[in-house]
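Now for the letters of each chain:
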Amino acid sequence: MEFGVIDILVLSQALWRLNIWNQMSQFPPPRPKTAPHNNNTNNSYAISALDMEISDEEWERLQKALDWPGPDDEITQLSLSTSPVHSTFSIVGLKNSYKVGEDISVIITARDHNKNLKRYGGDFFKAKLFNSKLKASVYGEVVDHRNGTYSVALVLPWEGQAQVFVRLEHSSEVVKILKKYRESSFPRSHYNGHFEGPGPNETRISEVVQCNLKWGGDGSWRKGNCCCEYKNLKTGTVWQCERPKKLSCDKLVHHSRGGLESPLKAFENQLFTKKLTNVAIPGDKININVLPNTAGNGMLTYGEFPAGFYLKDVWKSFVSTNHKKKFNSSQMGNCLKNKIVYLLGDSTTRQWFEYLERNVPGLKRMDLHTPRTGGPLMAVELKNNIIVHWKPHGVPLRFIKMLITDLHYIANEIDEIAGGPHAVVVFTIFAHLVFHPITFYIHEVAKIRRSVVALLSRAPQTAVIIKSGNTAGVKLDANKNIFQSDWYVMQLNTVMQEMFRDIGVIYLDVWQMTSCHYLRENIHPGPVIIANEVKMFLSYIKPKTKG
């Protein structure tokens, strides 16, 4: 079928939503006035806007964007928390049939385990519309009315049948716990520092010690003269390792992930159980009939479109003018002709590297004598002069054992890129930052932003693309959500979007692409989703190859 009705929306929405290639905004240095960061944990620490290297006004805007309602006090009875069994959703004014391009309204009502209506908001619900046979789905934005009710506006973008799916990811009580421990100095994630150096009688000795982030005046992971500190001169980030017994601090050679440590108390663990986390709630699970829309009326009436939708396993974008473009292997190579692509971040951008390696004709990986999954990696194609790099970001990073000299902060990497019409920079920094305070994340994003602004100032034709965070992962163990909750990732996505508004960059929202697919969510999406992500990426750089 043709999507003429939907296509009309694309032209009017693409520039508005992404602000692609806008004139750059310069960010003045923050004023010395501080803005205290308040929370309710005993082991927390104060962070100012100055510490994050943003202005007080921007810190206030970010706090408003990140604001999340919830109970005033921590509950002490499990029965008072939100129940996925007794919470329900219903379709408002359900009709016998709809037309493509119309939308439906869904109301979610939260109840506790005693079947009582909740009187406050803060529950983390996720919603989508899907049809497994058509391999179709679309993301639904949940609006919290802060009184125990929630609404979702879902667009009907395909012809056929569709069904609503809503699940309770976290109760508001759990979100309150997530917030508490995110802003505390409790080290939920540990890391290893591998020291190597000369020993007696011309031998080599090695020591492995614990390392972690140092953040905030009282945020030292270890106190006193216990540790070696490594401060990056450009970003100001301080990494701290326990002092080795035999070797000096300058003998740090490798970095690797360490163990995870849960701060949850016994009662808090009950709130995180599998029965209460990531559970579908009952509701109007009926087939909605969607008919063709030849007249072009009955269009979307709510505020902001979803980024796109899946149909027959192909992502149809609402925000890219090239959303109907199909890329076969040859076209992918032509699109990347004379390009140097810098993929920076974590294993989710490495998946892009691996996809390009498999699908672009003639693109071959060079042997850089680095770990195959840890990198850095590089692939070249000589006929079309294509170079693709992938590099992991700096610590904190939960990777296999790798050379500390191969880990570079994204801001520093961007500072070393000359840029120009042949350069494409893609970065993501989400999955490994969920273990640490959001104030530290803001600091890191502020540094990246400064480097991006400088890059676009010296080379305005450079394509800069931000890949949003994926959903957090396979949720086999609910208690692991204290480490990598989807709520954490969604909040980081909010920070990134807010801090890069009105700058000449593209924000590629893979959060929706990984959240609404009919396959089970995974921080490392399957080949179908990766293929759609990469083709969306290519659709953005395709116009830049002309002229």
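The chain is annotated in an unreviewed UniProt entry as NXPE C-terminal domain-containing protein of Sinocyclocheilus rhinocerous. In its Sequence similarities (unreviewed entry) section, the UniProt record describing the chain reads: "Belongs to the NXPE family."

Of regular secondary structure, the chain possesses 13 helices and 24 strands. For the chain, with 547 residues in total, the buried portion stands at 55%. Partitioning the intrachain contacts of the chain with sequence separation of at least 6 by distance along the chain shows that 76% fall at a separation of at least 24. In the structure as shown, the chain presents an accessible area of about 23,600 Å², 51% of it carried by carbon and sulfur atoms.

What follows concerns the confidence of the model for the chain. For residues with low pLDDT, the predicted coordinates do not support detailed interpretation. Of all residues in the chain, 84% have pLDDT values of 70 or greater, and the mean over the chain is 86. pLDDT under 50 marks residues 1–44. Its contacts with residues more than four places away, or in other chains, come to 104 contacts. Contacts for the low-pLDDT stretch residues 298–304, under 50 throughout, to residues beyond four places or in other chains number 19 contacts.

In this section: unusual backbone geometry. For the bond running from Gly375 to Pro376, omega is 0 degrees, close enough to zero to count as cis. The residue Pro376 is located in the loop between β18 (364–365) and β19 (377–381) in this model. Of note in the backbone geometry, Asn385 takes a positive phi value of approximately 60 degrees without being a glycine. Its place among the elements puts Asn385 in the loop between β19 and β20 (386–392). Overall, the relative accessible area of 44% leaves Asn385 in the partly exposed class.

A word on helix α13 (residues 527–541). For α13, spanning 15 residues, the distance from its first C-alpha to its last is 21 Å, which sits close to the expected 21 Å at 1.5 Å a residue. Counting buried positions along α13 yields twelve of 15 residues, so the element is predominantly enclosed. Listing the buried residues of α13 in full gives Ile529, Ile530, Ala531, Asn532, Glu533, Val534, Met536, Phe537, Leu538, Ser539, Tyr540 and Ile541.

Now for helix α9 (residues 438–458). With 21 residues, α9 ought to run about 30 Å at 1.5 Å a step, and its terminal C-alpha atoms sit 30 Å apart, in line with that. Counting buried positions along α9 gives 17 out of 21 residues, so the element sits mostly inside the fold.

This paragraph deals with the state of the cysteines. Put plainly, a disulfide is one covalent bond tying together the sulfur atoms of two cysteines. Summed over the entire model, instances satisfying the criterion amount to three disulfides. Here Cys211 connects covalently by a disulfide to Cys241, the sulfurs 2.0 Å from one another. Between Cys211 and Cys241 the sulfur-sulfur dihedral comes to about 105 degrees; the bridge is accordingly right-handed. Residue Cys211 is found in strand β9 (residues 204–214), and its partner Cys241 is found in strand β11 (residues 238–242); the two are separated by 30 residues along the sequence. When its relative accessible area of 1% is taken as the criterion, Cys211 is described as buried.

Along the chain, the position of Glu533 falls in helix α13. Dropping the residues within four chain positions of it, Glu533 is found in contact with Trp352, Lys467, Asn470, Leu508, Val510, Met513, Thr514 and Pro525.

Attention now moves to the environment of Pro69. Residue placement: Pro69 occurs in the loop between α3 (56–66) and β1 (88–91). For Pro69 and Gly121, which are 52 residues apart along the polypeptide, the C-alpha to C-alpha distance reads 5.6 Å. When residues no more than four places from it in sequence are discounted, the contact partners of Pro69 are Gly121, Gly122, Asp144 and Arg146.

On to the packing of aromatic side chains, then. By the definition in use, this model includes 14 aromatic pairs. When the ring of Trp390 is compared with that of Phe399, the centres are 6.3 Å apart and the planes differ by 35 degrees; the resulting orientation is tilted. Between Phe427 and Phe500, the ring centres sit 5.9 Å apart and the planes meet at 55 degrees, which makes this aromatic pair tilted. Remark: Phe500 occurs in the loop between α11 (486–499) and β24 (506–508) and Phe427 occurs in strand β22 (residues 423–427); sequence separation between them is 73 residues. Each member of the pair, Phe427 as well as Phe500, carries the same accessibility label: buried. Taken together, the aromatic side chains of Trp68, Phe124, Trp487 and Tyr488 make up a single cluster linked through ring pairs. Sitting above the plane of the Trp390 ring, Arg350 keeps its charged end 5.9 Å from the centroid.

Ranked by size, the top nonpolar core spans 117 residues in total, and within it Phe427, Met496, Phe500 and Phe537 carry the most contacts. If sequence neighbours within four positions are ignored, Phe537 has contacts with Val341, Trp352, Val424, Val426, Ile465 and Leu508. Membership of the second largest hydrophobic core comes to 29 residues, among which are Val100, Leu129, Val138 and Leu156.

What links the strands of a sheet is backbone hydrogen bonding, and the strands pair in either a parallel or an antiparallel sense. On the basis of which strands lie adjacent, the open sheet formed by seven strands has the order β18-β19-β20-β17-β22-β23-β24 and mixed pairing. If you trace the sheet from one side to the other, it starts and ends with β18 and β24, each paired once. Two strands pair when backbone bridges link them, and strand β23 (residues 463–467) and β24 are joined in this way by three bridges, in the parallel orientation. Paired with Lys467 across the two strands is Leu508, which belongs to β24.

Let's shift gears to the pattern of salt bridges. Applying the stated criterion across every chain, the model contains 20 salt bridges. Of the charged contacts, one joins Lys118 and Glu173 as a salt bridge, the two residues approaching to 3.1 Å between their closest N and O atoms. Separated by 55 residues along the polypeptide, Lys118 in the loop between β3 (103–109) and β4 (124–131) and Glu173 in helix α4 (residues 172–182) bring together distant segments of the chain. With a closest N to O distance of 3.3 Å, Glu413 and Lys391 form a salt bridge. Highlighted residues: Glu413 in helix α8 (residues 410–415) and Lys391 in strand β20, separated in sequence by 22 residues. Look at Glu413 and you get buried, because its relative accessible area is 13%. Relative accessible area serves as the criterion here: at 27%, Lys391 is assigned to the partly exposed category. Here the residues in one salt-bridge network are Glu53, Lys447 and Arg450, joined through shared partners.

Of the two faces of strand β15 (residues 308–311), the one holding Gly308 and Tyr310 and the one holding Phe309 and Leu311 are both buried throughout. Alignment of strand β5 (residues 136–144) against β15, held across two bridges, turns out to be antiparallel. Pairing of Val138 across the sheet is with Phe309, part of β15. Sheet topology places β15 next to strand β16 (residues 314–317); four bridges connect them, and they run antiparallel. Of the residues in β16, the one forming a bridge with Gly308 is Ser317. Linking β15 to β16, which pair antiparallel, is a turn of two residues; within it Lys312 sits at a positive phi near 55 degrees.

About the thresholds
Residues numbered from 1 in each chain as written. Predicted model: local features only at pLDDT ≥ 70, side-chain atom pairs only at ≥ 80, totals over all residues. Heavy atoms only, no water. UniProt positions renumbered as here; feature names shortened; annotations may be inferred. Helix = DSSP H or I, 4+ residues; strand = E, 2+ residues; numbered from the N terminus. Buried < 20%, exposed > 50% of the residue type's maximum accessible area, 1.4 Å probe, protein only. Contact = heavy atoms within 4.5 Å. Areas by Shrake-Rupley, 256 points an atom, 1.4 Å probe, with all protein chains shown as cover. pLDDT = per-residue confidence, 0-100. Expected span 1.5 Å × (residues − 1). Disulfide = S-S within 2.5 Å. Phe/Tyr/Trp six-rings, centres within 6.5 Å; stacked < 30°, edge-to-face > 60°. Lys NZ or Arg CZ within 6 Å of the ring centre and 35° of its normal. Core = buried A, V, L, I, M, F, W, Y, C linked by side-chain atoms within 4.5 Å. Pairing = 2+ DSSP bridges. Salt bridge = Lys/Arg side-chain N within 4 Å of Asp/Glu carboxyl O.

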